[in-house]
Amino acid sequence: MLVVACVKQVPDTTQVKIDPVAGTLIREGVPFIMNPFDAHALEESLRLKDKYGFRVAVISMGPPNTEVTLRKALALGADETILLSDRAFGGADTLATSLVLAEAIKKLGQKEEVAMIVCGRQTIDGDTAQVGPGIATRLGYAQLTLVDRIENVDLQARKIKVSRRLEGRHEIVEAPLPALLAVIREINRPRYPTVPMRLMAGDATVTLWDNKTMRLNQETIGLKGSATQVRKIFSPERARGEILGDGVNNPQEAANLLVDKLVEKGVICL
Ligand SMILES: Cc1cc2nc3c(=O)[nH]c(=O)nc-3n(C[C@H](O)[C@H](O)[C@H](O)COP(=O)(O)OP(=O)(O)OC[C@H]3O[C@@H](n4cnc5c(N)ncnc54)[C@H](O)[C@@H]3O)c2cc1C
């Protein structure tokens, strides 16, 4: 049985700059990394393999250089990696992205039964957290988001029990398999690849599925298949702060100054 991990290659946002004219992210010369949440999704998939004996397939939709990220997944212990890459997939929003990923999982499922899909909570570039639920909806799978612990997997009864981290509390949820999990960072600490595994991954195969292989309707993928388009990306203007009561040591006096200022600005009225 298969566990499918979805990983996205993203620009290292600590280094991303925005093109003020085009209103797009400047990707040239920016290092790419595995989306941080997906490193935890991959780690959880490998732990399911260690504990229950699943095979782990890792899929990613992206440009050809995404192969680098998939080789990292092989070095960590993934059994199979699929790169979904084609110009026709480019410019996709979450609707079109979830379609290509769901169709790829269907295709994997024709060869081997898929028990679970593990995604990250969200990416650090698009940041929508929509793709995981989109894939689950398209495949008719149960979806479990904000997962911070897998309590149990019962392959006999075909059920999974997880803990979800909500605001200030946890929720224990049980769902039928197959299921999609969107995990948060707190679920685990990713392992490091060993040197032999890195060397093996350097020679291993990363399977490429383009649209000749996937045979998807051109109207449903990429820019054409996207309901939303990012028109412009820009940094919000920073409002100038004001230091109140410089040198005032008495907290009461400082509080009075703040209240006066808020009244003056019409934020509050007394
Ligand atoms: C700044 C910016 C803003 C955007 N805003 C929107 C928007 O508002 N609406 C919209 O529809 N699109 C938006 N997009 C496009 C969107 O980023 C892409 O559609 C993207 O492929 C998926 O969305 P996401 O990055 O938000 O993923 P999320 O939904 O945040 O990703 C959740 C999980 O899905 C999996 N996943 C996501 N993408 C891939 C992939 N390519 N390959 C494998 N697994 C994947 C990963 O496990 C990931 O952790 C935006 C892009 C950018 C750069």
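Predicted, not measured: the structure shown is a model, and the values here were computed from it.

Thresholds, definitions, all that
Residues numbered from 1 in each chain as written. Predicted model: local features only at pLDDT ≥ 70, side-chain atom pairs only at ≥ 80, totals over all residues. Heavy atoms only, no water. Buried < 20%, exposed > 50% of the residue type's maximum accessible area, 1.4 Å probe, protein only. Helix = DSSP H or I, 4+ residues; strand = E, 2+ residues; numbered from the N terminus. Pairing = 2+ DSSP bridges. Right-handed = clockwise from strand over helix to strand, strands pointing away. Axes fitted to C-alpha atoms, helices over the stretch in contact; angles between N-to-C directions. Parallel < 35°, antiparallel > 145°, perpendicular 65-115°, else oblique. Left-handed = near helix turned anticlockwise from the far one by under 90°. Contact = heavy atoms within 4.5 Å. Nonpolar A, V, L, I, M, F, W, Y, C, P; charged D, E, K, R; others polar. Phe/Tyr/Trp six-rings, centres within 6.5 Å; stacked < 30°, edge-to-face > 60°. Lys NZ or Arg CZ within 6 Å of the ring centre and 35° of its normal. Near = heavy atom within 4 Å. Polar contact = N/O pair within 3.5 Å; in protein donor to acceptor, adjacent residues only side chain to side chain. Areas by Shrake-Rupley, 256 points an atom, 1.4 Å probe, with all protein chains shown as cover.

Digging into the pairing of strand 7 (residues 80-84)
At step 1: Burial analysis of strand 7 places 5 of its 5 residues in the buried class, the great majority of the element.
At step 2: Taking every second residue as pointing to the same face, both faces of strand 7 are buried, with Glu80, Ile82 and Leu84 on one and Thr81 and Leu83 on the other.
At step 3: Where strand 6 (residues 55-61) and strand 7 come together, 5 bridges link them in parallel fashion. For Ser60, the partnering residue across the bridge sits in strand 7 and is Leu83.
At step 4: Each parallel crossover has a hand, and for strand 6 linked through helix 2 (residues 67-76) to strand 7 it is right-handed.

Section: the packing of helix 2 against helix 5 (residues 195-203)
At step 1: Where helix 2 meets helix 5, the axes come as close as 8 Å, and the angle between the chain directions of the two elements is 135 degrees. In terms of their interaxial angle, helix 2 and helix 5 are classed as oblique. In terms of crossing hand, the pair formed by helix 2 and helix 5 is right-handed. Judged by residue contacts, Arg71, Leu74, Ala75 and Leu76 of helix 2 engage Met197, Arg198, Met200, Ala201, Gly202 and Asp203 from helix 5.
At step 2: Taken together, the residues of the contact of helix 2 with helix 5 break down into 6 nonpolar, 1 polar and 3 charged.

Some thoughts on the packing of aromatic side chains
At step 1: Taken as a whole and assessed by the stated rule, the structure comprises 1 aromatic pair.
At step 2: Between the aromatic rings of Tyr52 and Phe54, the centroid separation amounts to 6.0 Å while the plane-to-plane angle is 50 degrees, which identifies the pairing as tilted.
At step 3: When its relative accessible area of 24% is taken as the criterion, Tyr52 is described as partly exposed.
At step 4: Relative accessible area serves as the criterion here: at 3%, Phe54 is assigned to the buried category.
At step 5: Here the guanidinium or amino end of Lys107 rests over the ring plane of Trp209, the centre of that ring lying 5.1 Å away.
At step 6: The residue whose ring lies beneath Arg185 is Phe37, and the NZ or CZ to ring-centre distance is 4.5 Å.

Overview of the site of the ligand
At step 1: The ligand sits among 30 residues. The nearest are Cys6, Asp38, Thr123, Thr128 and Gln130.
At step 2: One nitrogen or oxygen atom from the side chain of Lys8 is found 3.0 Å from an oxygen atom belonging to the ligand.
At step 3: The separation between an oxygen atom of the ligand and a polar side-chain atom of Asn35 is 3.4 Å.
At step 4: Here the ligand, which alone exposes 920 Å², has 86% of that area covered by the protein.

Brief notes about the sheet that holds strand 6
At step 1: Strand order in the open sheet formed by 9 strands is 11-10-9-12-8-1-6-7-13, with mixed pairing between adjacent strands. Among the strands making up the open sheet, the edge pair consists of strand 11 (169-176) and strand 13 (207-209). Mean inter-strand twist for the sheet, computed between neighbouring axes without regard to direction, equals 30 degrees.
At step 2: Bridge count for strand 9 (residues 142-154) against strand 10 (residues 159-166) is 6 bridges, and the pairing is antiparallel.

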